[in-house]
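Here are the chains, one letter per residue:
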Protein chains: 2
Amino acid sequence: MENFDFSDIRRAAQRLQGHIVRTPLLSSPMLDAAAGCNLFVKAESLQRTGAFKFRGALNKLLTLTEDERAQGILAFSSGNHGHAVAAAAHHVGCTAVIVLPKGAAKIKVENCRWWGAEIVFFDPETENREAVGRRVAEERGGLTVVPPFDDYAIIAGQGTCGIEICEQMQERNIRPDAVLINSSGGGLSSGVTAAVKAICPEADCYIVEPVGFEKMARSLEIGSPQANPSVPKSIMDAITGPIAGTRTFSVLRQHAVKPLSVSDEEALVAMEAAFRMLKLVVEPGGAASLAAVLHRKADFAGKNVVVVCSGGNVDPEVFVRAITRA
Amino acid sequence: MENFDFSDIRRAAQRLQGHIVRTPLLSSPMLDAAAGCNLFVKAESLQRTGAFKFRGALNKLLTLTEDERAQGILAFSSGNHGHAVAAAAHHVGCTAVIVLPKGAAKIKVENCRWWGAEIVFFDPETENREAVGRRVAEERGGLTVVPPFDDYAIIAGQGTCGIEICEQMQERNIRPDAVLINSSGGGLSSGVTAAVKAICPEADCYIVEPVGFEKMARSLEIGSPQANPSVPKSIMDAITGPIAGTRTFSVLRQHAVKPLSVSDEEALVAMEAAFRMLKLVVEPGGAASLAAVLHRKADFAGKNVVVVCSGGNVDPEVFVRAITRA
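Treat the numbers as computed from the prediction; the structure is a model and nothing was measured.

(A) Up close: the interface of chain B and chain A. Contacts between the two partners involve 28 residues from chain B, matched on the other side by 28 residues from chain A. At the boundary of chain B with chain A, total buried surface from both sides reaches about 2400 Å², with 80% on carbon and sulfur atoms. Contact with chain A buries area across many residues of chain B, yet B:Met30, B:Phe275 and B:Lys279 alone supply 28% of it, more than any other trio. Here chain B is connected to chain A by 0 salt bridges. Listed by contribution, the elements that provide at least two residues to the side of chain B that touches chain A are α2 (29-35), α6 (106-114), α12 (264-278) and α14 (316-323) of chain B. Here the element with the most residues in the side of chain B that touches chain A is α14(B); it accounts for 4 residues. Classifying every residue of the side of chain B that touches chain A by side-chain character gives 19 nonpolar, 7 polar and 2 charged.

Next up, the structure:
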């Protein structure tokens, strides 16, 4: 699948139906007051494995051949993707190796193991995760690598979240003015953007990155996929991967998405808001788009705005930091 | 409405459609493994105002006359009911006075005020909340008292949660063997039981109370509504009200519900499980039925079990206690 369009997302939605959670689109008058707009929160933290990643992972595994599935699969991941691939592999009955960075959130490591996956660690400061993943795949006799984002089956799977957003807004008879999506490699943001632009073309789509990790913003500015310049720190570990995808970048550029960025402190404020007003557990990187709206990173006053709270896999100590900061 | 049957719940569901959240029924293979059964969690913490109470409050207000609504309403509440009545009053455009115990969770007090309701405090150790509520209602020239549970419009509203549970299990082609419902005065438990027994009569219904607050269990044993004997302490503040309702008791007895009880520590364990495996914020009293299953308070091994996580209005310090106890 090297050509990609909305029909791929539609087919993914059919393939995944009954196997994924149609996550709720939530709202709160208190949150609207805090944000100064009509805010709708796609609670993708309630997806299986606690993040949107299960959509793409399962779609990818369901498009492999029987032989490929029998041989087994491998994923390199900052955490949520690995958990999702481990769960999806268990769902379809194939073995999985997950390559994780040292220092990944404990909950993410434990979650991968729970599904029966084998974990291989790498050092993000000295090793390239793709190279490590490909070496292990070869050593094990030809595992299929399930990439975290730069793959049209992955993008199409994540895009099913965008179809649901449009359907759920239509159920409310409300047209979205803006849709904000957390972005790292760009799998979720490109998939959701492609779906939203196909169904609700008048909506503006935004990507939200951590301050200091604006690789996709720079990619869009420069006109080709860029890497993050160094390895700074952010608590938004789910969206601090080193590189922007080529395919994801291409989709995002085609639709002229607008980039925004938020700080760790702003993400913590958004996590507290989700705890208090929505009763959702959202991880730092999952709260970036909510943080962008709450901190008025663009003018959304009075508009109908959708944010994707993309994951909830957060260690307790980080969650405590968010909800006790007031 | 002094006769009550399932048709009242059906009518409430029609009345409330589009005004309440059809909360998701969530599951997690990890949680199933921990519980030893197939567990389905009705996430009523995602209801408007963070608890099921909005269902009954809005149904009650929508069944009042125009004149009654114009005069204004009053509610006495341990917290979640007051918040729900305040929000429902705002929704239908009438004024509200909320009578709260001194020492109610801060979040609950602030939430009532946010909706524009006036707060009147009473001392639960020296005053009767119903008496205080009725006195204030008279002083203000005849406010309609919206009782927290012992009212058929309230029970019917809460029962809509039970209709949704049965529909959502039918969507999965799974018949529930058991449904566990947190219980204090009995509004939720009687409403949900009446709905479940009408649609899925083969399911066993259980009520879950805090240890030391088993007023409904004692009511069922003795055969008439009982009060709690004293004012012990429990962190499950949402379900430690002093009395069992007469109407709610009657419905629960008719359907031969089975009583269970859980400790504060067990509720905290369940809150941590909901945080980690479901990404839900659940308050202590809202986690009682989940706690009962996780601590094998009855034999549910291998069964299809539904629990209602009834609310998520928890102060941060209590939530921190739950998620950092491991």
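(B) Broad picture of the relation of the copies chain B and chain A. Mapping chain B onto chain A calls for a rotation angle of 180° and an axial translation of 0.0 Å; the resulting RMSD is 0.0 Å. Overall, the copies show the geometry of a two-fold rotation axis. Relative to the rotation axis, the C-alpha of B:Leu280 is the closest in chain B, positioned 2.6 Å from it. Comparing contact sets, 100% of the residues at the interface of chain B also lie at the interface in chain A, consistent with an isologous, same-surface contact.

(C) Here's a closer look at the sheet that holds strand β10 (residues 304-309) of chain A. All names here are of chain A. Taken in spatial order, the 6 strands line up as β1-β2-β10-β7-β8-β9 in an open sheet, and their pairing is mixed. The sheet is open, and its two borders are formed by β1 (25-26) and β9 (258-262), each paired with just one other strand. By the bridge criterion, 5 bridges tie strand β7 (residues 178-182) to strand β8 (residues 204-210) in an arrangement that is parallel. Counted as the bridge partner of Leu-180 is Tyr-206 from β8. On the sheet, helix α9 (residues 187-199) packs against β7, β8 and β10 and is oriented at approximately 160° with respect to β7.

(D) The arrangement of the pattern of salt bridges in detail. Following the criterion strictly, the structure yields 34 salt bridges over all chains and no others. Among the ionic pairs, B:Glu130 bridges to B:Arg129, the shortest N-O distance being 3.6 Å. According to the relative accessible area criterion, B:Arg129 is buried, its value standing at 9%. Three or more residues are tied together by salt bridges with common partners; here these are A:Lys42, A:Glu44, A:Arg55 and A:Glu164.

Each value, and the rule that gives it
- Residues numbered from 1 in each chain as written.
- Chains lettered and ligands numbered in written order.
- Predicted model: local features only at pLDDT ≥ 70, side-chain atom pairs only at ≥ 80, totals over all residues.
- Heavy atoms only, no water.
- Contact = heavy atoms within 4.5 Å.
- Buried area = accessible area lost by both parts, 1.4 Å probe.
- Salt bridge = Lys/Arg side-chain N within 4 Å of Asp/Glu carboxyl O.
- Helix = DSSP H or I, 4+ residues; strand = E, 2+ residues; numbered from the N terminus.
- Nonpolar A, V, L, I, M, F, W, Y, C, P; charged D, E, K, R; others polar.
- Least-squares fit on C-alpha atoms with pLDDT ≥ 70 in both.
- Pairing = 2+ DSSP bridges.
- Axes fitted to C-alpha atoms, helices over the stretch in contact; angles between N-to-C directions.
- Buried < 20%, exposed > 50% of the residue type's maximum accessible area, 1.4 Å probe, protein only.

Coordinates in, geometry out; function isn't part of it.
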